[in-house]
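Results of the structural survey
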Amino acid sequence: MEEKIHIDWLTVILYIIIVIFGAMNIYSANSSVENAFLFDFSREYGKQFIWIGISAAIVFLILLTDFKFFNFSSYGIYAIVIGMLMVLLATGSFERGAQAWFRIGSFKLQPSEFAKYATALALAKFLGGFDVKFEGKKNILICFGIIFLPMALTLLQNDTGSALVFASFILVLYREGLSGWWLILGVYLALIFVLTILLPSLYIIGTLLILAVGFIYFFRKQKQLIVLGIVVFAASSFFILSLDFVFAKLLQPHQQQRILVTLNQDVDQYYTKKAKEFSIFKVEKKHVDKKNASKRDYSYNVRQSKISIGAGRWWGNGFNNGTQTKAKLVPEQHTDFIFCTIGEEYGFVGSTAFLLVYLLMIGRIFYLAERQKNIFSRVFGYSTGSIIFFHFFINIGMALGVLPVIGIPLPFMSYGGSSLISFSMLLFTFLKLDANRVNEISRLY
Amino acid sequence: MEKSGRLYVFIGVLVLVGVIFTVRLFFLQIVDTSNYYKAQSYGSNEIVIHPSRGTIVDRNGKLMVFNDAIYDLMVVPEKAKNFDKAYLCRELGIDTAEFNKRLKKASRYNIKEPAVIYKSLSKELYTRMQEILYQFPAFYIETKIDRRYNINGAAHLLGYMGEVSEKQLKEDKYYRPGDIKGISGIEKAYEIYLRGKKGRKVVLVDKFSKQQGSFAGGKFDSLPIPGQNIVSAIDMDLQQFGEELLKNKIGSIVAIEPATGEVLAIVNSPNYDPNLLVGQQRDKNFNSLLLDPRKPLFNRALKSPYPPGSTFKTVQALIGLNEGVLHSYTKYPCRGGYHMGSITVGCHPHASPLELERSIAQSCNAYYCNVYRSIIDNPKYSSVQDGYTQWTKYLNSFSLGMKTGIDLPEESKGIVKQSQYFEKIFGKNWRSSNVISLSIGQGEVGLTPLQMANVSATIANRGFYYTPHVVRSIGDNNFVPAEFKVKHRTMVAPEFFDTVVAGMAKVTQPGGTAWRCSIEGIDICGKTGTAQNPHGDHHSLFIAFAPRDNPKIAICVVVENGGAGAAYAAPIACLMIERYLATDKTQPSKKPDMLKRMLEANLAGAAIYQLPGKDPAPAAGTKDTTAKKKPAPAALPVKKK
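Residues numbered from 1 in each chain as written. Chains lettered and ligands numbered in written order. Predicted model: local features only at pLDDT ≥ 70, side-chain atom pairs only at ≥ 80, totals over all residues. Heavy atoms only, no water.

Turning to the pairing of strand 11 (residues 251–257) of chain B, a few remarks are in order. The side chains of a regular strand alternate between the sheet's two faces. All names here are of chain B. With seven of seven residues buried, strand 11 is to be regarded as a mostly interior element. Across the two faces of strand 11 the burial is the same, with G251, I253, A255 and E257 and S252, V254 and I256 all buried. As paired strands, strand 11 and strand 12 (residues 262–269) are joined by seven bridges and run antiparallel to one another. Looking across to strand 12, one finds that I256 is bridged to V263. Summarising the sheet, strand 11 and strand 22 (residues 553–559) pair through six bridges and their orientation is antiparallel. Considered in strand 22, the bridge of A255 is made with I555. (Buried < 20%, exposed > 50% of the residue type's maximum accessible area, 1.4 Å probe, protein only. Helix = DSSP H or I, 4+ residues; strand = E, 2+ residues; numbered from the N terminus. Pairing = 2+ DSSP bridges.)

Spelled out as structure tokens, the structure:
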């Protein structure tokens, strides 16, 4: 009996819509007003068609591959990608501040894009192993190890954005049993971080003190909770008071600027303001780098992005008619800031429709992941969904000015071969695994 | 599987993110319109296309004023940041201080609005700027229109162009800083017709200010509408001839076509070449003209009231006739002047007594002292004051003491005093003897050359005039403003004019004051005037029209310090009439000697002494001291020829 391909056509259709819409927007953002030939391969919009073609070919190959191949070769693929990252670190040249690309002729390959795919496979393979669960120190350490190795290598390439994406695997681990408290802790720390930048440290500590006293009073009969309250308060206070140090020492100047810009802080004034405040570790002058800060306009990208999106109003200017887009006012508009084109040319109505389609696709992936019968497929599915979601969240949040500028692409939309191919591989590998689930069932019964 | 419920946490997070992004989008795109307006101003650059300004031709279709393109370097002050100022200054050839000054001036009105920073780039500079301007996104070149003239005179008439003032910018939103508009003359009066309508092209510019094409598919673009061409009433040949005749003299000529009120020529001397007030040197030239003690910018024909002298007798005769106190047969004796108590108004020797026509031809002062007294002392009025007031009403009906309404800016209404004025000087019950000098056009009366020419036209028409106008028609459809066709009647009934016309005809006949100026074959009706002038030699005046029947031209000539009316004004007027009436302009004058004398006469030196900063001319020493005193009204001893 011949095996049918029970592929999830809804996801495929959403994928095709997004890819084609992406190509349209790249064309709009990248072509000049007059005489723009669609298949001009010297331009990015022309090249994107090549990437779409290559992606289609790879998707076809994946669908023809036996599903067992992915399970079988997971660690191999992981090893190869880790190897590539190491070679890149040793030999790669810096481009745009990062050591992230292999140059092959005129084409550039970004292994960190494929590292996500490999990590998803490796994590799925490990957790899908016989009698392995996300429990016990050893297993948990191995899981984090699988994630941290490529993340650290990407970070060493100075590609912070791509490295951050590996944080999305926390969501997968959450699904596999990681306590929700860790996520809450993460959100809590982020909140404290933002508040500390916005408000004087002592105000926040004072507020926390009141909350802590109330908490302890309320649970005065439970010793454990009293201890918890005291520990959380003490740790938070320490975090707050040392944040200046963390901020100034661990983050690079441009990262500091981007965060401050997102929070509407005047870069120059921020440091003078913070220097007057009480803090455990005083910010040293050499970290501030004021001169460099005032020279570059770090708010430019975001400001232009907001203007572009705002120019769209209800219905937008229509395809290829965005004036801001055509004027090329937003840097990197065909890659990381592709959402500006959507905002300007399709307006509020088109943008929300796009968000809906995109979130529907991600939701569908999570839904498909949950229905998997074997853990390998499920972990891989959640990884796929989480990675795409993380990119989506950061990328659009950045374009809308609610998150700091982190240069990562919008999957299936932003220009770039490595990105489109690796995300297509990720999605269709999962769809292949999902299709196989149906085959498995049909064989069983 | 106990963790499968966590799918809903994932779905919940997706929904939450979707809602946050949608709200944010709503805020950016719908609530906060500032982004939208920033986008409007940011990605596009509006390029103004200046329309070509209307040309001006003379009544015979000869081109007087036309256009040439000039290139201005414009700056958008708001964007003029972080550029290599030293480099740009070096290329423009101005120092940084000057550049900063101009930039500051450009920013004064509105920093978002483009303004001129360097006017009229030379051809070389224009080419150079085109090469380097891509490095200066805040700067661009705008093509504007500058005027060129086919005539080196008529400057007061045509007017000049200049940059709009800040006040005008606020009043009329059409203009932007650095635009040029008509400041005087026809250029000012007909600005709204001549300027046309600016067009604009909105081009998309990228972040390097590189043009990316038409904005929004040219939706906001508009073509400039060229200004309307104007047909002037001026006869360019006559205008230039008049300027030749007045060369080296100070004075003014106004010629009007009586049947239409069309102004044929307005000549002022000193004059200036209108070509001085265009191009790079404009401001420099303007300043030197402004500081020139001869006041070449001053439009004497419209703004300078002269005592009309004996030319005024024509008006006095008409009023007298209409009031019934004078008849064509009325005779008054003249014994070397008019004597009344201590007052004597002198007169030159002539036969006596004279009737009305010959009193005009020989210009008897005593005759008009009697006429004037009979007008204002008329018993039908309760007092001299009422009689005087009635007399001023007559003058007003000739548009004397009020503006003629000519279609040019800055006209003076001349001097005609109210009776109250004399009360302050002579007390409440002043008498006709106090104002006796008015009878011969001296004292408290001043008429502009335009007003005198209009009087001449009114007499030529036997009792009416059209508002003088220098423009014949506007635009391709030959639009003529309605006010040009309104007939203004004087208070003097038409039947009284013939006697005065007959008297004026005798002026150029043997025995008349200007008979030596007569030109064979032309019936010139005129009246000489020799106006006493406290500053120097008498002003030479002449009003005239010709031919006697169906007059084609009415004229007034004033030559300052020219002496007797027959000395300069009358010959010039007659030569002008001859020239205008001649069908062939190349035909030599029938009075070549007179023409030669007029062209060669140099009277400018006689006037120099009254100018500040110059050494008194020798003529000043010969003046009697009384002449320099301020004239005591009415009591002025008058000597007339």
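Moving on from the model shown.
Judged by nonpolar contacts, the single largest core of 129 residues is most densely connected at W391(B) and V470(B). At nine residues, helix 20 (residues 569–581) of chain B tops the list of elements feeding residues into this core. Those residues within four positions of V470(B) in sequence are excluded, and the remaining contacts are L157(B), I186(B), S232(B), A233(B), I234(B), V263(B), I266(B), I406(B), D407(B) and L408(B). Counting residues in each nonpolar core, the second largest holds 105 residues, with C143(A), V405(A), Y415(A) and L426(A) among its members. (Core = buried A, V, L, I, M, F, W, Y, C linked by side-chain atoms within 4.5 Å. Contact = heavy atoms within 4.5 Å.)

Residue and element names in this part refer to chain B. On inspection of all chains with the given rule, the structure shows 37 salt bridges over all chains. With its nearest N and O atoms 3.1 Å apart, the salt bridge here joins R282 to D283. Accessibility expressed as a relative area gives 16% for R282, which makes it buried. Take D283: its relative accessible area is 38%, and that puts it in the partly exposed class. With its nearest N and O atoms 3.8 Å apart, the salt bridge here joins K596 to E600. Here K596 and its partner E600 are both found in helix 21 (residues 592–600), four residues apart, which amounts to about one turn of the helix. Exposure remark for E600: the relative accessible area of 54% places this residue in the exposed category. Among the ionic contacts, a cluster of salt bridges with common partners joins K105, K119, E163, R282 and D283. (Salt bridge = Lys/Arg side-chain N within 4 Å of Asp/Glu carboxyl O.)

Before going further, it helps to spend a moment on the environment of P305(B). All names here are of chain B. Mapped onto the elements of the fold, P305 is located in the loop between helix 12 (300–303) and helix 13 (313–323). Distance from P305 to S412, taken between C-alpha atoms, is 7.5 Å for residues 107 residues apart in sequence. Leave out the neighbours within four places in its chain, and P305 touches S412, G414, I415, G446, L447 and T448.

Compared with the 24 Å implied by 1.5 Å per residue over 17 residues, the 24 Å span of helix 4 (residues 111–127) of chain A between its first and last C-alpha is a close match. Here helix 4 of chain A lies mainly inside the structure; 16 of its 17 residues are buried. (Expected span 1.5 Å × (residues − 1).)

Interaxial distance between helix 18 (residues 375–399) of chain A and helix 1 (residues 7–31) of chain B falls to 12 Å at its minimum, and their mutual angle equals 15°. In terms of their interaxial angle, helix 18 of chain A and helix 1 of chain B are classed as roughly parallel. Note on packing geometry: the crossing formed by helix 18 of chain A with helix 1 of chain B is left-handed. Residue-level contacts link Y382(A), S386(A), F389(A), F392(A), F393(A), I396(A) and G397(A) of helix 18 of chain A to L7(B), F10(B), V13(B), L14(B), V17(B) and F21(B) of helix 1 of chain B. Class assignment for the residues of the contact of helix 18 of chain A with helix 1 of chain B results in 11 nonpolar, two polar and no charged. (Axes fitted to C-alpha atoms, helices over the stretch in contact; angles between N-to-C directions. Parallel < 35°, antiparallel > 145°, perpendicular 65-115°, else oblique. Left-handed = near helix turned anticlockwise from the far one by under 90°. Nonpolar A, V, L, I, M, F, W, Y, C, P; charged D, E, K, R; others polar.)

Moving on: the sheet that holds strand 20 (residues 525–531) of chain B. Either a parallel or an antiparallel arrangement is found when strands of a sheet pair, and the pairing is made through backbone hydrogen bonds. Residues and elements named next belong to chain B. If you trace the five strands from one edge of the open sheet to the other, you get 12-11-22-21-20, paired in antiparallel fashion. A single partner strand is all that each edge strand has here, and the edge strands are strand 12 and strand 20. Averaged over all neighbouring strand pairs, the angle between strand axes comes to 5°, with direction disregarded. Relative to strand 21 (residues 539–546), strand 20 runs antiparallel, the two sharing seven bridges. The residue bridging G526 from the neighbouring strand is A544, located in strand 21. Set on the sheet, helix 18 (residues 449–460) makes contact with strand 11, strand 21 and strand 22; between it and strand 22 the angle comes to about 150°. Contacting strand 11, strand 12, strand 21 and strand 22, helix 20 crosses the sheet at an angle of about 145° to strand 22.

Taken as a whole and assessed by the stated rule, the structure comprises 46 aromatic pairs over all chains. The interplanar angle of 80° and the centroid separation of 5.5 Å between the aromatic rings of F69(A) and F70(A) together place this pair among those described as edge-to-face. Classification of F69(A) as partly exposed rests on a relative accessible area of 41%. Considering the side-chain rings of Y193(B) and F479(B), the 6.4 Å spacing of their centres and the 40° angle between planes classify their relative orientation as tilted. Taken together, the residues Y193(B) in helix 9 (residues 191–194) and F479(B) in the loop between strand 18 (471–474) and strand 19 (487–489) connect sequence positions 286 residues apart. Here F479(B) falls in the partly exposed class, since its relative accessible area comes to 41%. Here a set of aromatic residues connected by ring pairs shows up, and it is made of F21(A), F339(A), Y346(A), F354(A), Y358(A), F389(A), F392(A), F393(A) and F21(B). The lysine or arginine in question, R282(B), covers the ring of F286(B), its NZ or CZ lying 5.3 Å from the ring centre. A cation sits over an aromatic face here: K487(B) above F464(B), 4.2 Å from the ring centre. (Phe/Tyr/Trp six-rings, centres within 6.5 Å; stacked < 30°, edge-to-face > 60°. Lys NZ or Arg CZ within 6 Å of the ring centre and 35° of its normal.)

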